Amino acid sequence: MYAFDYAKPASLDEAARLLADDPEAKALAGGQTYIPTLKQRLAQPTRLVDLAGIPDLATIKEEGDGLAVGAMTTHKAVAASPVVQRAFPELAYLASLIGDPAVRAMGTIGGSVANNDPAADYPVVVLTLDATVRTTKGEHRGSDFFPGMFETALEPDELIREFHIPVPEAAAWEKFRNPASRYALVSVLLVRTKDGEIRCGVGGAGPTCFRATAIEDALRSSFAPEALDGVTIDAGDLNEDIHATAAYRAHLIPVLAKRCVRRMLRR
Amino acid sequence: MTDKGIGARTLRKEDRRFITGKGRYVDDIRMQGQAYAVFVRSPHAHARIGAIGKDAVLGMPGVLGVFTGADVQADGLGSNVCGWNVVSKDGSGMNMAPYPLLCTDKARYVGDRVAMVVAETLDQARDAADALEVDYEPLPAVVDVAKAQDGPVIHDGIAGNLIYDWELGDKAATEAAFQKAAHVTRIELVNNRLAPNALEPRAALGHFDPGTEQHTLYVTSQNPHVHRLVMSAFIGIAPEHKLRVVAPDVGGGFGSKIFIYGEECLVLWASRKLDGVPVKWTADRTEAFLSDAHGRDHVSKAELAIDADGDFLALRVNTKANLGAYMSTFSSCVPTYLYATLLAGQYKTPAIYADVQAYYTNTSPVDAYRGAGRPEASFLIETIVGQAARELGRDPAELRRQNFIPKDAFPYQTPVALTYDTGDYAATLDRALDLSDYKGFEARKRESASRGKLRGIGLSCYIEACGIAPSAVVGSLGAGVGLWESGKVRFSHTGKVQVLTGTHSHGQGHETSFSQLIASKLGVPFEDVEVIHGDTEKTPVGMGTYGSRSLAVGGEAIARSCDKIVAKGRKIAAHLLEAAEADIEFKDGQFTVKGTDRAKSIGEVAFAAYVPHNYPEGVEPGLEEGAFFDPPNFTYPAGTYVCELEVDPDTGTTEILRFVAVDDFGNVVNPMIVEGQVHGGLMQGIGQALLEGAVYDQSGQLVSATYMDYAMPRAWDVPFFEVETGQGTPAQANSLGVKGCGEAGAIGAPAAVINALTDAIGVRVEMPATPEKVWHAIQATRHAQAAE
């Protein structure tokens, strides 16, 4: 770890100002990605702006047709929240499968979405449900928040306040884990929105999360596992590493989507 | 007292300090004014080293020294060595290239040590190491053992990168047996390269005392005396009497901390160069992946000749072994004397011939890793026997049983040098089949099929040679050292006992097991025993812990020390009791005059020995006895493992449903510790089969250098193990009848898993059998079936 200055502002606006004043400063949420990065000397910020001292950023409440979740809400808090468990149980389930207990106790939804690791889980939620990302500079739509690998629509000095996540009519989450990291090798979030729209979000497989429109089209005509027989996903744009070829990742997407369908039909 | 003696499930006395964070590891030791070393490691797999910009870095804040291979050479330090000379078929010795502490002309693998920077703080040392400019001229690299022969020459003058071309067994008899075969099963397989992954990474703290000129090294070592020997006799860090090596609490070794590495030699040398500033180095995890000696990495072809009745006639094996960029401490014996000598397995195959070619490659050195050669042998035999059963349409359990060495055939001379002392292979097989409900498998398979799952069951009847070893035997085979062990038992005035051992515990629970041994042998309370190990200034010279030898060799040295204590105590007791020595009996800590109730406890005898006011003439005061034990033979733990698993054909995911392990470890001192050792070994064996792989890309970069990419087995990857160790045939090589249990799980498990997987999907997949590989194999099989 290289030496850096440390600030723990009491408000989001102050944090944003510190970041605006110094382009080499970096915001710190739960630190589950960034602290290991620092330890390996892979980043050298002038200053860490720790968001942990800002009040009211870790709240969960029902708001309209969805959930308002503060940016600093930990995965553990989402998983354990009675509000989430009642309104959107699959989101609580998703949060309960992130990392390990230590990661879930520290890691935050805001940090996960702002980092946009291709294998992260929350970006799939934000994209698939077209959640609203409320920031210090305004709002973004989840459907165009993730332009590429480790990229988001955020400005460098823009901080997430909270997410408004529309609660779907029904949802199922399937994660196929990388055998080493236990991140998603491929993940699929299948939802039926309150408007009856079928959406299928995919994580882990590509440079960033994306919607599998071929699966959505097939399920729109018949919401049954068999509807996905013969549906193929183009492997061309998918990730490839020592754990899985692009072709294998492409194969897994409809397999996981079928499991989602079965689970949604069983409920 | 005997409730904590031999055979009791006594809780481990060392666990209180480990569980409460009170262990004292090398990195916990902080000396006044200590400095920190950071190693500059080659980013290239193979490169010529040009100028190193030392001067620019020497002026950086806090920097105390920058050392290169030229400095090491100028100081006259020697090369690291491999201590076992393996002789080739043509009679020539092995091609051992220099293994410098720091690179001189070339770097030969990613992670090779190019320079050492020492600074007052760790951050300063890292800054300086980052700033050090090294001119590299990259050279072509070779990483695969199968391509090593045609790869670039890694060490000058060693053509084809060949270290040795060795053979064992009767080639002519084997060829003749193949002529008579009714069936020949052929197999080609890879034994995947593994990284050892001890929980505690390697660390060293070197201190030179300019006053006494004593050198002290605290190091993560499984064998501090071997460290002292090699560092003084071969590398020349300090004369042996001026060198103290301390291995305090050590958090796991699995073999990787047997070896003498450059880092620990260099921090001690640097302390002397810096006039006594203590110098510490602790590896980070990626450094451990890059620089710890790896394990396995074989490519083999094997053929099994079988007659019309299903009797094995002969086995022929060729193995190419990757030893990495340099020959590590015991690397040469792993794919030879610890491997091919075990190729008989549990079978009476009359003729066996094996030849092994070992090669240099541009990868981390490869040496012993939990099992060391024996897992490779066991995997090969049990895989080919499994395949033979499939080809012949025979039940794999019955084909094995038919070929077992029968229990009345011991001692049994195998065709590959070893003499097995005892065993009852049918007994462990029967018990394992029983426990696993082998007969009920077909019904369970149908139930799985009804859910769309592929179920498989696999056997592995492993054997290993442990308790290494008879010095004369290993010496005749090329070992540079003897492999006896030392022990010493020391009473105090108050009847408390110190046990000194040349072995070293780094997770095995010696403090508990050896205390149980003393409790049973001498009748002293378990709590009154303190076990001391890991310090060359405290313990007698010993050879350390590896090869499941600590109890079978080190424990026997302690047992013999106890016998000497009793013999001396009998003289003292006879005097105190005014009886003839021949009339004194010793039992449960009491010296008793035969046929009377007149007795002296061993504590009273110890007191008399230290306060010899009323004492037998001609007997020395004190009660302290030691023994060195050189075993007459190896021990031969063996057993049967049964793995049952289910494969999801949609994804290729394997789920292990049951794992039954029935081991014959001879007599058992602490069943709880033994079961724990088996559990750990099984995890590593299952890890090898399904998850783990140290992967280099073709340029020689280690792709699996963090836990993001190196798949370690976790609790959720396995079911609760069903382990049974109670069916032993006592070992003949020691009075305790113990065989050793530390490596069995890692030796026996891979074949059980892979045989079960093959049974499930109909085709064998190379390890690690990842979901993707399994899925592709299923697809290929289905396409082939569709085409028929």
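Residues numbered from 1 in each chain as written. Chains lettered and ligands numbered in written order. Predicted model: local features only at pLDDT ≥ 70, side-chain atom pairs only at ≥ 80, totals over all residues. Heavy atoms only, no water.

## So, the overall build of chain B
Note the following rule: A run of H or I in DSSP becomes a helix once it reaches four residues, and a run of E becomes a strand once it reaches two; helices and strands are each numbered from the N terminus. Within these notes, the globule rule equals 2.2 Å times the number of residues to the 0.38 power, and the radius of gyration is based on C-alpha atoms. Buried, partly exposed and exposed residues are distinguished by accessible area as a fraction of the type maximum, computed with a 1.4 Å probe on protein chains only: under 20%, between the cut-offs, and over 50%, respectively. Residues are treated as being in contact if the distance between any of their heavy atoms lies within 4.5 Å. Method for areas: the Shrake-Rupley scheme with a 1.4 Å probe, in which residue coverage is limited to the protein chains shown. By the counting scheme adopted, Arg and Lys are positive, Glu and Asp are negative, and His together with the chain ends is not counted. In this description, the location of a charge corresponds to atom NZ of lysine, CZ of arginine, CG of aspartate or CD of glutamate.
Within chain B, the secondary structure is distributed over 19 helices and 28 strands. The C-alpha atoms of chain B give 27 Å as radius of gyration, which agrees with the globular expectation for 788 residues (28 Å, within 12%). Considering only C-alpha atoms, chain B reaches an extent of 95 × 75 × 50 Å along its principal axes. Counting the 788 residues in chain B, one finds 62% classified as buried. The contacts in chain B between residues at least 6 apart in sequence include a share of 80% that link residues at least 24 apart. Surface exposure of chain B reaches about 27,500 Å², of which carbon and sulfur atoms provide 52%. Looking at charge distribution, chain B has the averaged site of its 72 positive side-chain charges lying 3 Å from that of its 98 negative ones.

## Regarding the sheet that holds strand β7 (residues 138-141) of chain A
Residue and element names in this part refer to chain A. Basically, it comes down to this: For two strands to pair, DSSP has to find at least two bridges joining them. In this analysis an axis means a line fitted to C-alpha atoms, helices contributing only their contacting stretch, and an angle means the value between N-to-C directions, from 0 to 180 degrees.
Pairing within the open sheet is antiparallel, and its five strands lie in the order β4-β5-β8-β6-β7. The strands lining the two open edges of the sheet, one partner per strand, are β4 (60-63) and β7. Shown here is a sheet whose adjacent strand axes are inclined to one another by a mean of 25°, direction ignored. Of the strand pairs in this sheet, β4 and strand β5 (residues 66-70) are connected by four bridges, and their pairing is antiparallel. Of the residues in β5, the one forming a bridge with K61 is A68.

## Observations concerning unusual backbone geometry
Residue and element names in this part refer to chain B. A469 follows I468 through a cis peptide bond whose omega is -10°. Take A469: it is sitting in the loop between β18 (454-463) and α13 (471-476). In this model, M767 is joined to P768 through a cis peptide bond whose omega is -10°. Tracing the sequence through the fold places P768 in the loop between α18 (744-761) and α19 (771-787). In the Ramachandran plot, A372 falls in the positive-phi region, its phi being about 45° despite a non-glycine side chain. On the secondary structure map, A372 appears in the loop between β15 (351-359) and α9 (374-392). A positive phi is found at A417, a non-glycine position, where the angle reads about 85°.

## A look at helix α6 (residues 224-233) of chain B
Residues and elements named next belong to chain B. Within α6, eight of the 10 residues are buried, which leaves it mostly tucked inside the rest of the structure. Within the sequence span of α6, burial applies to P224, H225, V226, H227, R228, V230, M231 and S232. Of the surrounding secondary structure, the elements contacted by the buried residues of α6 are β10 (214-219), β11 (243-246) and α7 (262-273).

## Some words on the pattern of salt bridges
For clarity, the threshold we go by: Within this document, salt bridges are pairs made up of a side-chain nitrogen of Lys or Arg and a carboxyl oxygen of Asp or Glu, the two lying within 4 Å of each other.
Evaluated as defined, the whole model comprises 71 salt bridges over all chains. Ionic contacts of the salt-bridge type, sharing partners, join the residues R41(B), R113(B), R202(B), E263(B), E264(B), E287(B) and D292(B) into one network.

## Topic: the interface of chain B and chain A
Note the cut-off: Note on definitions: buried area is the accessible-area loss of two parts on being combined, 1.4 Å probe, summed for both. Residue polarity follows a fixed list, in which Ala, Val, Leu, Ile, Met, Phe, Trp, Tyr, Cys and Pro are nonpolar, Asp, Glu, Lys and Arg are charged, and the others, Gly among them, are polar.
If you look at the interface, chain B gives 25 residues, while chain A gives 20 residues. Summed over both sides, the interface of chain B with chain A buries roughly 1,900 Å², with 52% coming from carbon and sulfur. It is T651(B), M708(B) and E772(B) that lose the most area in chain B upon contact with chain A, and together they represent 27% of the buried surface on that side. Between the two partners, chain B and chain A, sit five salt bridges. Among the salt bridges present, the one from R41(A) reaches D130(B), with a minimum N-O distance of 2.9 Å. When contributions to the side of chain B that touches chain A are tallied by element, the ones reaching two or more residues are α4 (122-131) and α19 of chain B. Its residues placed into classes, the side of chain B that touches chain A shows 11 nonpolar, four polar and 10 charged.

## Notes on the nonpolar core
Residues and elements named next belong to chain B. Filter applied, for reference: Take the buried Ala, Val, Leu, Ile, Met, Phe, Trp, Tyr and Cys residues and link them wherever side-chain atoms come within 4.5 Å; each set so joined is a nonpolar core. Domain delimitation follows an automatic or database domain assignment.
Counting residues in each nonpolar core, the largest one holds 160 residues, and the members touching the most others are L343, Y420 and F659. Among the elements that make up this core, the one with the highest residue count is α18 (11 residues). When residues are assigned to domains, this core turns out to be shared by domain 2 (31-139 + 199-252 + 257-291) and domain 3 (373-468 + 634-787), each giving three or more. Not counting residues up to four positions away in its chain, the partners in contact with L343 are L315, V317, I352, A354, A377, L380, I381 and V416.

## Points about α9(B)
All names here are of chain B. Let me state the cut-off plainly: Expected helix span is computed as 1.5 Å times (number of residues minus one).
Over its 19 residues, α9 extends 27 Å from the first C-alpha to the last, a length consistent with the 27 Å expected when each residue adds 1.5 Å. A large share of α9 lies buried, amounting to 16 of its 19 residues. Directly after α9, the chain includes G393, whose backbone phi takes a positive value near 70°.

## Some remarks on the domain arrangement of chain A
Per the domain assignment, the segments of chain A are domain 1 (5-53), domain 2 (60-166) and domain 3 (170-266). Each of domain 1 of chain A and domain 3 of chain A was reduced to a C-alpha centroid, and the two centroids are 34 Å apart.

## With respect to the pairing of strand β21 (residues 529-532) of chain B
Residue and element names in this part refer to chain B. Rules: Look down the strands so they point away from you; if going from the first strand over the helix to the second traces a clockwise path, that crossover is right-handed.
Relative to β21, strand β20 (residues 497-501) is paired through four bridges, and the arrangement is parallel. Looking at β21, one finds that L500 is bridged to I532. Taking the sense of rotation as the criterion, the β-α-β connection linking β20, helix α14 (residues 510-522) and β21 turns out right-handed.

## Thoughts on the packing of α14(B) against helix α15 (residues 550-576) of chain B
All names here are of chain B. Inclusion rule: It is the rotation of the near helix from the far one that decides the hand of a crossing: anticlockwise by less than a right angle makes it left-handed, clockwise makes it right-handed.
It is the contact of α14 with α15, at a shortest axis distance of 10 Å, that shows an interaxial angle of 35°. In the packing of α14 onto α15, the handedness of the crossing is right-handed. Along the contact surface, α14 presents H510, F514, L517, I518, K521 and L522, while α15 presents S550, L551, G555, I558, A559, C562, D563, I565 and V566. In terms of residue class, the contact of α14 with α15 is made up of 10 nonpolar, three polar and two charged.

## Side note on the domain arrangement of chain B
Residues and elements named next belong to chain B. The cut-off we apply is this: We define a polar contact as two N or O atoms separated by no more than 3.5 Å, with the added condition that, inside protein, one atom must be a possible hydrogen donor and the other a possible acceptor, whereas residues neighbouring each other in sequence contribute only through side-chain atom pairs.
Partitioning chain B into domains gives domain 1 (2-16 + 484-629), domain 2 (31-139 + 199-252 + 257-291) and domain 3 (373-468 + 634-787). Put simply, the middle of domain 2 and the middle of domain 3, counted by C-alpha atoms, are 38 Å apart. Our enumeration of links across domain 2 and domain 3 arrives at zero salt bridges. At the boundary of domain 2 with domain 3, the tally comes to three residue pairs in polar contact (both at pLDDT 80 or more). Grouping the amino acids of the side of domain 2 that touches domain 3 by side-chain chemistry returns five nonpolar, one polar and one charged.

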